[in-house]
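Structure at a glance
Each chain, written out:
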Amino acid sequence: MKDKDIKKAVEAIKNSNITKDDFDNLKKKAEDMGVMDKVNELNRQYSPKFKQFLKDNNNFKGLSKEEKAKVILDYKKQLTPEEQRQFDKVLKMVTSYVKKMK
């Protein structure tokens, strides 16, 4: 993450009027609903694969945006249908985050 992105995130949090208690309550609710278990499972399942993918592609050094997109879409084609659905969900969340941070 770039410094400017971190600064934007910190500013968004400061301006959100969310108290520590609000955050703790939301965190507890997420844990009670099993959200964190699902996150941990996704990390366990997919993180090693994606790290290897980045390593195999030299962390995209020297690639244009179009080339990076093509490599990622080619990677997606190699996934199982279930993994592709998970990939699409993560991609949708990242896209939403980027739009909010602009």
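Structure first, text after, so check above.
These remarks concern the structure in this document. (Residues numbered from 1 in each chain as written. Predicted model: local features only at pLDDT ≥ 70, side-chain atom pairs only at ≥ 80, totals over all residues. Heavy atoms only, no water.)

Some remarks on the side chain of Q86
Threshold: Strands here mean DSSP runs of E at least two residues long; helices mean DSSP runs of H or I at least four residues long; both are numbered from the N terminus. Residue contacts follow a heavy-atom distance rule, with two residues in contact if any of their heavy atoms lie within 4.5 Å.
Along the chain, the position of Q86 falls in helix α5 (residues 81-101). Once you skip the residues sitting within four places of it in the chain, Q86 turns out to touch L42 and Y46.

A word on the nonpolar core
Here is a general trend for soluble globular proteins: nonpolar side chains tend to be buried in one another's company. The line we're drawing: Only buried Ala, Val, Leu, Ile, Met, Phe, Trp, Tyr and Cys residues count toward a nonpolar core, and they belong to the same one when joined by side-chain atoms within 4.5 Å. Each residue is placed in one exposure class: buried if its accessible area under a 1.4 Å probe, protein chains only, is under 20% of its type's maximum, exposed if it is over 50%, and partly exposed if it falls in between.
Membership of the largest hydrophobic core is limited to six residues, which are F53, F60, V71, Y75, L79 and F87. Every residue in contact with F87, bar those within four places of it in the chain, is listed here: I72, Y75, K76 and L79.

Points about the pattern of salt bridges
Put simply, the rule is: By convention in these notes, a salt bridge is any Lys or Arg side-chain nitrogen within 4 Å of a carboxyl oxygen on Asp or Glu.
Tallied over the entire structure, the rule returns six salt bridges. The salt bridge partner of R44 is E41, with a shortest N-O separation of 2.6 Å. In this pair, R44 and E41 are both assigned in helix α3 (residues 35-56), three residues apart and thus about one turn of the helix distant. Linking E82 and R85 is a salt bridge whose minimum nitrogen-to-oxygen distance equals 2.9 Å. You can see E82 and its partner R85 sitting in helix α5, three residues apart, about one turn around the helix. Overall, E82 belongs to the partly exposed group, its relative accessible area being 38%.

So, the environment of K70
Within the fold, K70 resides in helix α4 (residues 65-77). K70 sits in the exposed class, given a relative accessible area of 52%. A C-alpha to C-alpha distance of 17 Å links K70 and Q52, two positions 18 residues apart in sequence.

Side note on the layout of surface pockets
As a reminder, the rule being used: For cavity detection a 1 Å grid was placed over the protein atoms alone, and a set of points counts as a cavity when a 1.4 Å probe fits there but cannot get out; an open set counts as a pocket when protein lies on both sides within 12 Å along at least five of seven lines, with lining residues being those that have an atom within 4 Å of a point. Grid points are joined across faces, edges and corners, and a volume is the space filled by probe spheres set on the points. Residue type decides the class: Asp, Glu, Lys and Arg count as charged, Ala, Val, Leu, Ile, Met, Phe, Trp, Tyr, Cys and Pro as nonpolar, and the leftover types, Gly among them, as polar.
Roughly 880 Å³ of volume is contained in the largest pocket. Lining the largest pocket are 22 residues, with F50, F87, V90, L91 and V94 sitting closest to its centre. The element contributing the most residues to the lining of the largest pocket is α5, with eight residues. Partitioned by chemical class, the residues of the lining of the largest pocket number 14 nonpolar, five polar and three charged.

Considerations on the packing of α3 against α4
The description of two helices packed together rests on the angle between their axes and the distance between the axes. Counted only if it meets this: Helix axes use the C-alpha atoms of the stretch in contact, all axes being lines fitted to C-alpha atoms, and the angles between their N-to-C directions lie in the range 0 to 180 degrees. Working rule for angles: under 35 degrees goes down as roughly parallel, over 145 as roughly antiparallel, 65 to 115 as roughly perpendicular, anything else as oblique. Crossing chirality is assigned from the near helix's rotation relative to the far helix, an anticlockwise turn below a right angle marking it left-handed and a clockwise turn marking it right-handed.
Put simply, α3 and α4 touch, their axes get as near as 12 Å, and they point 140° apart. Here α3 lies oblique to α4, going by the angle between them. The chirality of how α3 crosses α4 is right-handed. Together, K49, F50 and F53 of α3 and V71, I72 and Y75 of α4 make up the contact between the two elements. Of the residues belonging to the contact of α3 with α4, the class tally is five nonpolar, no polar and one charged.

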